[in-house]
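One letter stands for each residue in the lines below.
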Amino acid sequence: MDPVWWEYIPYILQGAIWTFTLVGGGLALGFAIGVPVAMGQKYGPTWLKAVLDVYVWFFRGTPLVVLLFLFYWGIFPVLLGIKLDALTTSVIVLGLRSGAYQSQIFRGALNSVDEGQMLAARALGMSKWQAITNIILPQALRIAIPGWTNEYAIILKDSAICFTLGVVEILTRTRYVVISTGEALGPFLFAGVLYIIFTYGGTKVFNIIYEKYHIPGLVGKGM
Amino acid sequence: MGEDEVVLRVENIHKKYKDQEVLKGVTFEVRRGETKVIAGPSGAGKSTLLRCINLLTKPDKGRVWLEGVELTNPKTNINKMRQKIGFVFQEFNLFHHLTALENVMIGLTKVKKLPKDVARKKAEEALLTVHITEDLWNKYPAQLSGGQKQRVAIARALAMDPVIILYDEPTSALDPQLVGEVLRVMEELARKGVTGLVVTHEIGFALEVADEILFMYGGKILERGPPREVVFNPKHEVTKKFFENIKRLYGGR
Amino acid sequence: MGFWEEFIPLVLHGAVNTLWVLVISIPASVALAIALGSARVYGNAALKAVATAFVVTFRGFPLVVTLFLLFFGLADLGIYLTPYQTATLAFVLCGGSYMSEYVRGAIRSIDIGQSLAARALGMTKFQELIYIILPQAIRRALPGISNEIIYQIKYSSLAFVVGYEEIFAVSKTFISRYFMPLQVFMVDAALYLAMTTAAAYGLRALEYKLRIPGLEMSIR
């Protein structure tokens, strides 16, 4: 007799380690890319804005699964001649893509910090760079937290797509269970509920961060 | 259906919001063709009273009849009855996505289910009655002045052939220079015999066309009578003070 | 035959299949979103609860999981959907749920005066919703809905997981014949970029066409 699927729950749950590696890595890399991209798009020279626009357009307009295969089979091994494993490739691709989205979140946040803040900083004798790092960014980063929360929920669900490269995250393991037990409804429902729980749990954490750093009266305009 | 037939009867209306008693038993009648003005300081319950009549707000106690049909009876189809009660809001509340003409037509086509061409004709008549000329018919509310918006709103109520029109401070949200055009339309309608119940601070309007003023204070009708009497010769000290203040503020035309 | 001569007709065939799903799933998603969004604001307690549970579920499940559930999970119950049916249904459930959040937000953003004026004219709750609230709310929700439509175009590439022969599915099979992944997946990317960019312009034009002075589309 085939084993029943719920005996594999611990096995599926262990996939959370990989899922959160993808999510954490993707968000962090996306942050590291998104913030400078947003600043380049707002304060940079025209040619830089054009280059960054193309980057954002490409990564926002192309499906994740196409990007994963393009980088895993094409860009890394063929074009660059480096062999990266599925997990590393997935984190990089999630990060590059999230960077495109996060840059838009930060750009909105930067735009909603009012012009008077910059003028006041310059009037105090700060350089443009000092004004950006000391005055504008601390406000914009706070304003962007809700957008970031949203990005977490998106990247969490998108991490499931990395099963296509065989990263042993939650969905890949769920599929193994389906294949070995011959049952599909239970395992897939379980996986679905797991993602819902992780979405809400993570959102809670982001809300706590938001409350902690929230400054009264500082909210994004038109966000 | 005589001239002095009672069309609206309001009996012992009470309304409480949380702990605050806004209306403490209000009773009055309006006869066909009459115009009655409700005046009183803010917080007296005037707007709540008006909304209790067409049940946009549900009174806690008391009854309302329109042409002998009890609106407060749960068995009454209130949507049917509301068609017969025009309501003009302080903030106009024109439908933002419809042109002036469409605003007036929509009640006719969707609620009264009149054919489009009939509805259009009626709407055009109503708009002309409130002096909204053809060049404005296809404008959206955002493209109209406050006075024009309120006149369109009056036309929207009027086109439904209501038994009575309730006006809830119709000129309070208007710039001072636009008040006149709205009051003129309301006076014309009153003279034509359109029955009206008007919450307003405009004593000029009251003196000109009202048959009676109901002065409300603290959730009750404190004093009532012919406009001249209530305004110039009130029985109560509060009434006197109120109208003196109003005259000072508005210059009492 | 060479690589390009074989690949181009194949991938265009995949593109037609992609569009064939989207042509049904996008309008159906919008319709579902309007129904769900309306139910969550205007429905009675039971309807609100059902609609909310529905949205929480299909926004919370990754789309791939929904696809697997509909294709393999329902089969456990004796319900067999074709790949085409599975993909279309999954996109509608997921897209409709996401879009419904914009509809709901837009309905709630309409000022109360609109509702009061509708009721004062004698409209029923349903008439008020259909003739007064939704025409305004849908316009306000349109930018958000447009974003979700663009997402749906991209995520349609996931239909390959249930064996539907769309752009990505044919490409994936093709590289086992000609191992030219760079070219193949760049062509895919180009096709999706063309579709998403065209959709973005088309939807912007639609927003412009439907705009009404004073009814600014504020939620994005």
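Residues numbered from 1 in each chain as written. Chains lettered and ligands numbered in written order. Predicted model: local features only at pLDDT ≥ 70, side-chain atom pairs only at ≥ 80, totals over all residues. Heavy atoms only, no water.

1. Here's the deal with the overall build of chain A
Across its full length, chain A holds eight helices and zero strands. In chain A, the order of α-helices and β-strands from amino to carboxyl end is α-α-α-α-α-α-α-α. For chain A, long-range pairs separated by at least 24 residues make up 77% of all intrachain contacts whose partners lie at least 6 apart in sequence. Of the roughly 10,200 Å² that chain A leaves accessible, carbon and sulfur atoms contribute 68%. Taken together, the 15 basic and 11 acidic charged side chains of chain A have centroids lying 13 Å from each other. (Helix = DSSP H or I, 4+ residues; strand = E, 2+ residues; numbered from the N terminus. Contact = heavy atoms within 4.5 Å. Areas by Shrake-Rupley, 256 points an atom, 1.4 Å probe, with all protein chains shown as cover. Lys, Arg positive; Asp, Glu negative; His and termini not counted. Charge placed at Lys NZ, Arg CZ, Asp CG, Glu CD.)

2. Side note on the sheet that holds strand S2 (residues 20–31) of chain B
Two pairing modes exist for strands in a sheet, parallel and antiparallel, and in both the strands are linked by backbone hydrogen bonds. The strand order across the open sheet formed by four strands is S2-S1-S4-S5 (chain B), and the pairing between neighbours is antiparallel. Strands with a single pairing partner mark the edges of an open sheet, and in this sheet they are S2 and strand S5 (69–70) of chain B. (Pairing = 2+ DSSP bridges.)

3. Here we look at the pattern of salt bridges
Side chains carrying opposite charge are able to pair once their charged atoms draw close together. As enumerated under the stated definition, the model contains 21 salt bridges over all chains in all. Of the charged contacts, one joins Arg97(A) and Asp158(A) as a salt bridge, the two residues approaching to 2.2 Å between their closest N and O atoms. One end of the pair, Arg97(A), is in helix H4 (residues 86–112); the other, Asp158(A), is in helix H6 (residues 128–159), with 61 residues separating them in the sequence. Here Arg97(A) falls in the buried class, since its relative accessible area comes to 5%. Close ionic contact of Asp161(B) with Lys122(B) constitutes a salt bridge, the shortest N to O distance being 2.6 Å. Separated by 39 residues along the polypeptide, Asp161(B) in the loop between helix H5 (146–158) and strand S7 (164–168) and Lys122(B) in helix H4 (residues 116–129) bring together distant segments of the chain. Under the relative-accessibility criterion, Lys122(B) is labelled partly exposed at 24%. One continuous salt-bridge network, built from bridges that share partners, spans Arg9(B), Glu11(B), Glu29(B) and Arg31(B). (Salt bridge = Lys/Arg side-chain N within 4 Å of Asp/Glu carboxyl O. Buried < 20%, exposed > 50% of the residue type's maximum accessible area, 1.4 Å probe, protein only.)

4. Some points on unusual backbone geometry
Residues and elements named next belong to chain B. At Glu67, a position not held by glycine, the phi torsion is positive, near 45 degrees. Mapping Glu67 onto the fold places it in the loop between strand S4 (61–66) and S5. Even without a glycine there, the phi angle at Phe92 is positive, about 65 degrees. By the element assignment, Phe92 lies in the loop between strand S6 (85–88) and helix H3 (100–111). Relative accessible area serves as the criterion here: at 10%, Phe92 is assigned to the buried category.

5. Quick word on the interface of chain C and chain A
Every contact between the two is made by 36 residues of chain C and, on the other side, 37 residues of chain A. Summing the contributions of chain C and of chain A, the shared interface buries around 3,200 Å²; its carbon and sulfur component is 78%. Here chain C and chain A share zero salt bridges between them. Summed over the shared surface of chain C and chain A, the result is nine residue pairs in polar contact (both at pLDDT 80 or more). Listing elements by their share of the side of chain C that touches chain A, those giving two or more residues are helix H2 (45–60), helix H3 (63–76), helix H6 (125–155), helix H7 (167–174) and helix H8 (181–210) of chain C. With ten residues, the top contributor of residues to the side of chain C that touches chain A is H8(C). (Buried area = accessible area lost by both parts, 1.4 Å probe. Polar contact = N/O pair within 3.5 Å; in protein donor to acceptor, adjacent residues only side chain to side chain.)

6. Quick look at a nonpolar patch on the surface
Together, Trp73(A), Val78(A) and Phe179(C) make up a nonpolar patch on the protein surface, roughly 290 Å² of accessible area in all. Its location among the elements puts Phe179(C) in the loop between H7 and H8. (Patch = residues over 30% accessible without salt bridge, like charges linked within 9 Å, V, L, I, M, F, W, Y side chains within 5 Å.)

7. Quick look at the packing of aromatic side chains
Counted under the stated rule, the structure contains 37 aromatic pairs over all chains. Seen in terms of ring centroids, Tyr72(A) and Trp73(A) are 5.1 Å apart; in terms of plane orientation they differ by 80 degrees. Their pairing is edge-to-face. Tyr72(A) sits in the buried class, given a relative accessible area of 15%. For Trp73(A), a relative accessible area of 32% translates into the label partly exposed. Judged by centre distance (5.7 Å) and plane angle (20 degrees), the rings of Phe3(C) and Phe7(C) are stacked. On the criterion of helical spacing, the pair formed by Phe3(C) and Phe7(C) is a turn pair, its members being four residues apart in helix H1 (residues 3–42). Phe7(C) matches Phe3(C) in its accessibility class, with the two residues each being buried. Here a set of aromatic residues connected by ring pairs shows up, and it is made of Phe31(A), Phe106(A), Trp148(A), Tyr152(A) and Phe206(A). (Phe/Tyr/Trp six-rings, centres within 6.5 Å; stacked < 30°, edge-to-face > 60°.)

8. A look at the interface of chain B and chain C
Counting from both sides, the interface comprises 24 residues of chain B and, opposite them, 22 residues of chain C. Summed over both sides, the interface between chain B and chain C buries roughly 2,100 Å², with carbon and sulfur atoms accounting for 66% of that surface. Of all residues in chain B, Phe95(B), His96(B) and His97(B) bury the most surface against chain C, accounting for 31% of the area lost on that side. Where chain B touches chain C, the interface holds zero salt bridges. Viewed at the interface, chain C and chain B are joined by seven residue pairs in polar contact (both at pLDDT 80 or more). Among the elements of the structure, helix H2 (78–82), S6 and H3 of chain B are those that each provide at least two residues to the side of chain B that touches chain C. At four residues, H3(B) tops the list of elements feeding residues into the side of chain B that touches chain C. Residue composition of the side of chain B that touches chain C, grouped by class: eleven nonpolar, eight polar and five charged. (Nonpolar A, V, L, I, M, F, W, Y, C, P; charged D, E, K, R; others polar.)

9. Description of the environment of Met180(C)
Residues and elements named next belong to chain C. Checked against the element boundaries, Met180 lands in the loop between H7 and H8. With 100 residues separating them in the primary sequence, Met180 and Tyr80 have C-alpha atoms 36 Å apart. When neighbours within four sequence positions are excluded, Met180 is seen to be in contact with Phe3 and Ile175.

10. Observations concerning the sheet that holds strand S10 (residues 220–225) of chain B
Residues and elements named next belong to chain B. The strand order S6-S7-S8-S3-S9-S10 describes an open sheet built from six strands, whose pairing is mixed. The sheet terminates laterally at S6 and S10, the two strands that pair on one side only. For this sheet, the mean inter-axis angle between neighbouring strands, taken without regard to orientation, is 20 degrees. As paired elements, S7 and strand S8 (residues 196–199) share four bridges and run parallel to each other. Residue pairing for S8: Tyr167 is matched across the bridge by Val198. Of the strands in this sheet, strand S3 (35–39), S6, S7, S8 and strand S9 (212–217) are in contact with helix H1 (residues 46–53), which crosses S7 at around 150 degrees. The sheet contacts of H5 involve S6 and S7, and relative to S6 the element is tilted by about 170 degrees. (Axes fitted to C-alpha atoms, helices over the stretch in contact; angles between N-to-C directions.)

11. Observations regarding the pairing of S6(B)
Residues and elements named next belong to chain B. Taking every second residue as pointing to the same face, both faces of S6 are buried, with Ile85 and Phe87 on one and Gly86 and Val88 on the other. Relative to S7, S6 runs parallel, the two being bridged by four bridges. Counterpart to Gly86 in the pairing with S7 is Ile165.

12. Notes on the environment of Glu125(B)
With respect to the helices, strands and loops of the structure, Glu125(B) is situated in helix H4. On a C-alpha basis, the gap between Glu125(B) and Val231(B) in space is 36 Å, while along the polypeptide they are 106 residues apart.

13. Quick notes on the state of the cysteines
Going through the model one piece at a time under the given rule, you end up with zero disulfides over all chains. Among the cysteines around Cys162(A), which has no disulfide bond, Cys94(C) carries the closest sulfur, lying 17 Å off. (Disulfide = S-S within 2.5 Å.)

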